[in-house]
Amino acid sequence: MLRFVTAGESHGQALVAWISGLPAGLPVDLGFIGHDLHRRQLGHGRGGRQRIEKDQADILAGVRHGQTIGAPIALRIENRDWKNWEQALPVALAEGAEDAQRHLTAPRPGHADLPGAQKFNFHDARYILERASARETAARVAAGAFAKLLLAQFGVSVLSHTIAVGHVRLEREAAWDEIVAICANLESPLRCVDSATEARMIAEVDHVLRAGDSVGGVFEVVARGLPPGLGSHAQWDEKLDAQLARAVMSVQAVKAVELGAGVAGAASYGSEVQDEIRYDPARHRFDRSSNRAGGLEGGITNGQDIVVRGYLKPISTLRRALLTADLNTKEAVKAAYERSDVCVVPAGGVVGEAMVALTLAGAFLEKFGGDSLEETRRNFDGYQRQLDKF
Ligand SMILES: Cc1cc2nc3c(=O)[nH]c(=O)nc-3n(C[C@H](O)[C@H](O)[C@H](O)COP(=O)(O)O)c2cc1C
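Heads up: these notes are all about the structure in this document. All values derive from a computational prediction rather than experimental measurement. (Residues numbered from 1 in each chain as written. Predicted model: local features only at pLDDT ≥ 70, side-chain atom pairs only at ≥ 80, totals over all residues.)

1. Observations concerning the pairing of strand β9 (residues 217-224)
Inference 1: Most of β9 sits inside the fold, with seven of its eight residues counted as buried.
Inference 2: Here eight bridges tie strand β7 (residues 157-165) to β9, and the two strands are oriented antiparallel to one another. By the bridge assignment, Thr162 is partnered in β9 with Phe219.
Inference 3: Pairing geometry for β9 and strand β15 (residues 306-312), over seven bridges, is antiparallel. If you follow Val218 over to β15, its bridge partner there is Tyr311. (Buried ≥ 20, exposed ≤ 12 C-beta atoms within 10 Å, placed from the backbone. Helix = DSSP H or I, 4+ residues; strand = E, 2+ residues; numbered from the N terminus. Pairing = 2+ DSSP bridges.)

Structure, rendered in C-alpha cells:
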C-alpha cells in the first residue's frame, strides 16, 4: 500500500515527508523533484515568502545509488525563514522566550486559527497556523514527485493548468500539447494556456493586490496514459473518483472538486453527458468520442484522460483585514495580517498534480503490486496482454 505523511511547521526548521510502499528499483531523478518544488513556488500573486525560500528536498532514507530500495523514503525540505523565527518558535522551553514569541490572538476568518485554538486549547493561534499553513504543500509536492516518477515508468503523465482566476475563466478546452507546454514554461505568470485570457487573469490579480483583497480560482489536473481498470465499483472506499476527490479536497483552500464535466453535467440531459463507446481495431482498445466523464466510470478508470478540477476559495489573509474577536479580550478587532499570497491558483495546480499522482500511483500499485519495479512491470505487461485479447 502506498502511504505518505508530512510533518513540519511553516516557520519551523524544516518540512519532512515519509513515503512507503514504492517498489524497489525505481530510478529517482533528484532534478525532477527539485523542478516540481520550484514550480510550486511560482505564479503571479505570491507573497514575499517565495523570495526567501528556494525549496530543495534532501533525501534522508530509502534511496541509494539513484534508486528506491523498497525501504520507507524520508525527505527533508529546509525552511530558510527559520533563521528569522528561531527565537519565536524554539523547540526547548527557553528562559525569557516569552518576549520573542509572536502570539496571534486575532484569529483570521477562513483559517484554522479559531477552531484549531479551541480544539487544542491554546489562547494563541500561532501553533495552529504554523501547521495549517500551505507551506506544508512543499512536502506533498516532493512526495508527489516520487509518485509521478513511478507512473512515468508506465507512460503516465500528470499535468495541470489554470482554468479560472477570480472572475476570469478560460472559455475553451485546452489541448494536451498546450497543457504540456504551459507546464514546461516556467515564465508563465498564471499557467493559463490562452495568452489573452491570461492577460485578463493578471489584471484580476493586480486589481486585488491594489485593493488589499485576494482571489481564488480553478485549476485542472489531467493524467494521461492510465489503462482501464484502476479503482473499483465494488466498495465505496475503493472508488477511485471518491479517492481523488478526497485527495484534491485536502489541499488548503480547495472547497470543491469536479471530475470531468461534473458540474455542467448536472444541468444537462443524459444524451448530452455520457461518452459514446467505440472500438479502435488498430490499438485493440475500446475508446470514446468524448471524455465528459473525466476518465472514470463507476469509480474505475476507463482508459481516457483523468480530468480533476480543484476550486480554490480566495486567500483568507487580507491586507484590508476583516473583523474578528480577540481570543483573550473577546473584543472586536481587525484580524491579524501576516505576509501572504493573494492568488495561488498556479501553485494549487502543482499541489493538485502531486495529490492526483499519489492517489493514482496508489491505485496502480494496488492493481499491479510488485516489491520490485521489474515485478510491477511484469504484472502490468500481463494485464496489457489481457486487454489486447479482450
Ligand atoms: C499553494 C497555497 C498557498 C497558500 N498560501 C496562502 C497564504 O499565503 N495566505 C493565506 O491566507 N492562505 C494561503 N493558502 C490557503 C490556506 O492555507 C487555507 O485557506 C487555510 O489553511 C484554511 O484551510 P481551508 O481553506 O482548506 O479551510 C494557500 C493555499 C495553497 C494551496
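Next, the rest of the story.
2. Some words on the sheet that holds strand β1 (residues 3-7)
Inference 1: The sheet built from four strands is open, its strands ordered β1-β2-β6-β3 with antiparallel pairing. One side of each edge strand has no neighbouring strand; the edge strands of this open sheet are β1 and β3 (57-61). Between one strand axis and the next, the sheet turns through 20° on average, direction left out of account.
Inference 2: In this sheet, strand β6 (residues 73-78) lies alongside strand β2 (residues 14-20) in antiparallel orientation, the contact comprising six bridges. The residue of β6 that forms the bridge with Leu15 is Ile77. (Axes fitted to C-alpha atoms, helices over the stretch in contact; angles between N-to-C directions.)

3. Some words on the environment of Val248
Inference 1: Position of Val248 relative to the elements: it lies in helix α8 (residues 240-249).
Inference 2: Each C-alpha atom of the pair Val248 and Glu353 lies 8.8 Å from the other, and the pair is 105 residues apart in sequence.
Inference 3: Look past the residues within four positions of Val248 in its chain and what remains in contact with it is Val254, Val257, Val308, Gly310, Gly352, Met355 and Val356. (Contact = placed C-beta atoms within 7 Å.)

4. Details of the packing of helix α5 (residues 137-152) against helix α11 (residues 345-368)
Inference 1: Close contact between α5 and α11 brings their axes to 8 Å; oriented N to C, the two are set at 45°. In this view, α5 runs oblique relative to α11, as classed from their interaxial angle. For the crossing formed where α5 meets α11, the hand is left-handed. Contacts between α5 and α11 involve Thr137, Arg140, Val141, Ala143, Gly144, Ala147, Lys148, Leu150 and Leu151 from the first element and Val350, Val351, Glu353, Ala354, Met355, Ala357, Leu358, Leu360, Ala361 and Phe364 from the second. (Parallel < 35°, antiparallel > 145°, perpendicular 65-115°, else oblique. Left-handed = near helix turned anticlockwise from the far one by under 90°.)

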